[in-house]
Amino acid sequence: MDSDMLLRVRMDKDGEGCIDSEEEYDDVIRKILPWLNPAQFLSVDNDQLKALDPDNAYHLTTSAQVTENLIKEYDLVVEIKPKWASLPNPLSVGLRHSRMKLKCSFQSERLFSESRQEQLEELSGLIDGDSKFLTVFSKGRKVRMDSETIAGRLQEALNDSGVMRAIKYYQLYSDPLDIQHIYPLVKDTNTCNPSTSFLRGVINKIPKHPGLPTWGDLKAFGGSLSGEELLYLYSLSMTLRDVSVLVRLSPETQPKVKVVDADYKCLSRIHKWYESDCKLNNFHATG
Ligand SMILES: O=P(O)(O)O[C@@H]1[C@@H](OP(=O)(O)O)[C@H](OP(=O)(O)O)[C@H](O)[C@H](OP(=O)(O)O)[C@H]1OP(=O)(O)O
Ligand SMILES: Nc1ncnc2c1ncn2[C@@H]1O[C@H](COP(=O)(O)OP(=O)(O)OP(=O)(O)O)[C@@H](O)[C@H]1O
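Residues numbered from 1 in each chain as written. Chains lettered and ligands numbered in written order. Predicted model: local features only at pLDDT ≥ 70, side-chain atom pairs only at ≥ 80, totals over all residues. Heavy atoms only, no water.

Let's talk about the site of ligand 2
Every residue close to ligand 2 is listed here: Leu-6, Arg-8, Lys-13, Asn-37, Thr-67, Glu-68, Asn-69, Leu-70, Ile-71, Glu-79, Val-260 and Asp-261. Separating an oxygen atom of ligand 2 from a side-chain N or O atom of Arg-8 is a distance of 2.6 Å. Side-chain polar atom of Glu-79 to an oxygen atom of ligand 2: 2.5 Å apart, as the coordinates give it. Counting residues per element, the ones that place at least two in the shell around ligand 2 are strand S1 (5-11) and strand S3 (60-68). (Near = heavy atom within 4 Å. Polar contact = N/O pair within 3.5 Å; in protein donor to acceptor, adjacent residues only side chain to side chain. Helix = DSSP H or I, 4+ residues; strand = E, 2+ residues; numbered from the N terminus.)

Thoughts on the packing of helix H4 (residues 116-128) against helix H5 (residues 147-161)
Relative placement of two packed helices is described by the angle separating their axes and the distance separating the axes. Closest axis-to-axis distance for the H4/H5 pair is 9 Å, and the angle between their directions is 130°. As judged from the angle between their axes, H4 and H5 are oblique. You can see that H4 and H5 cross each other, and the crossing is right-handed. The residues of H5 that touch H4, namely those facing Arg-116, Gln-119, Leu-120, Leu-123, Ser-124, Ile-127 and Asp-128, are Ser-147, Ile-150, Ala-151, Gly-152, Leu-154, Gln-155, Glu-156, Leu-158 and Asn-159. Looking at side-chain class alone, the contact of H4 with H5 contains seven nonpolar, six polar and three charged residues. (Axes fitted to C-alpha atoms, helices over the stretch in contact; angles between N-to-C directions. Parallel < 35°, antiparallel > 145°, perpendicular 65-115°, else oblique. Left-handed = near helix turned anticlockwise from the far one by under 90°. Contact = heavy atoms within 4.5 Å. Nonpolar A, V, L, I, M, F, W, Y, C, P; charged D, E, K, R; others polar.)

Details of the packing of aromatic side chains
Under the definition given, this model contains eight aromatic pairs. Ring geometry for Tyr-25 versus Tyr-264: centroids 6.1 Å apart, planes at 65°, classification edge-to-face. With Tyr-25 in helix H1 (residues 22-32) and Tyr-264 in the loop between strand S8 (256-260) and helix H11 (270-281), the pair connects residues that are 239 residues apart, well separated along the chain. When sorted by exposure, Tyr-25 lands in the same class as Tyr-264, which is buried. Judged by centre distance (5.2 Å) and plane angle (70°), the rings of Tyr-169 and Tyr-170 are edge-to-face. You can call Tyr-169 buried: its relative accessible area is 7%. Overall, Tyr-170 belongs to the buried group, its relative accessible area being 10%. Aromatic ring contacts, followed pair by pair, group Tyr-169, Tyr-170, Tyr-173 and Phe-221 into a single cluster. Positioned above the aromatic ring of Tyr-74 is the side chain of Arg-248, whose terminal nitrogen or guanidinium carbon lies 3.5 Å from the ring centre. (Phe/Tyr/Trp six-rings, centres within 6.5 Å; stacked < 30°, edge-to-face > 60°. Buried < 20%, exposed > 50% of the residue type's maximum accessible area, 1.4 Å probe, protein only. Lys NZ or Arg CZ within 6 Å of the ring centre and 35° of its normal.)

Some thoughts on the sheet that holds S3
Here we have three strands laid out as an open sheet, ordered S1-S3-S2, and antiparallel in their pairing. Of all the strands in the sheet, the pair left with one neighbour each is S1 and strand S2 (39-43). Mean inter-strand twist for the sheet, computed between neighbouring axes without regard to direction, equals 30°. One ladder, built from five bridges, connects S2 with S3; its direction is antiparallel. (Pairing = 2+ DSSP bridges.)

Things to note about the sheet that holds strand S7 (residues 244-248)
Reading across from one edge, S6-S5-S4-S7-S8 is the order of the five strands in this open sheet, with antiparallel pairing throughout. Every other strand in the sheet has two partners, leaving strand S6 (141-143) and S8 as the edge strands with one partner each. Each strand of the sheet is rotated relative to its neighbour by a mean of 30°, with strand direction disregarded. Pairing of strand S4 (residues 77-80) with strand S5 (residues 134-138) involves four bridges; the strand directions are antiparallel. Within S5, the residue paired with Val-77 across the bridge is Phe-137.

Take a look at the structure:
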């Protein structure tokens, strides 16, 4: 395969079996994130898997994608894992911490701010602090660069593309009531993933309007959904929280923005997410 393309083979994450149809899921997620890197789906046979991973150390699955290599020989590509972390809904639970504060000082919500200055400051901090959430590639290799050289162009590219706004919009609507509110529903339902067509139906219920939703909008939306629907959307919110955004900066052409790694997170992780939320906010997990 030439260097313009990449073969991406999935790992079987503890047999979690994430989604029933990769193609259909791709179509669903692309509707809300049109920046998703185009992928052509294929299946890899067992001989090919053995050649890729002879000892089966990675538990690769036979479902694979061929996709454009977004890093390769380009002069400058920046990868950001923006980890959008909603400050939880004050209408349902009062003032709480954003999830990212658990890990580090990265104030990811500032990357999604309406204020250019806040975005710039946060991006500059990630660049100069050599954060694991931002990587600069030149000619396919990781390089160090200072914020003065790239932060401004990066901020503009992110802003102009609308990608951060879309992540924020759908993240807010897919986590309208906080995990503390929806976790008790787990006992009444199972934590198997939805079928892709069910997920499509739930995502289609998300209102579409130009501005960001208010907490009142979110409360009304959350209140209109069933427990199952809330749980399925919560996994989507965790999925959106973990995507990577790749920005190709070039002096000659317009910046190119792409999103990768939007695989649906298995709902069975809900227990882990609940525990980390309890820890972060000093709540006591209920059994
Ligand atoms: O919960 P977190 O914040 O530790 O997120 C995990 C990420 O850690 P990070 O915060 O980026 O250092 C973690 O990233 P790293 O592997 O640490 O780069 C993964 O993205 C993980 O998801 P998955 O198991 O690959 O599907 C992520 O797990 P999920 O929370 O999305 O299940
Ligand atoms: N199309 C692409 N072109 C170039 N690099 C890519 C592309 N897609 C992904 N990558 C690189 O590979 C890294 C891992 O991608 P991704 O998260 O999708 O893989 P994964 O197998 O799900 O890994 P993980 O489980 O650690 O998240 C990305 O952070 C990015 O640096």
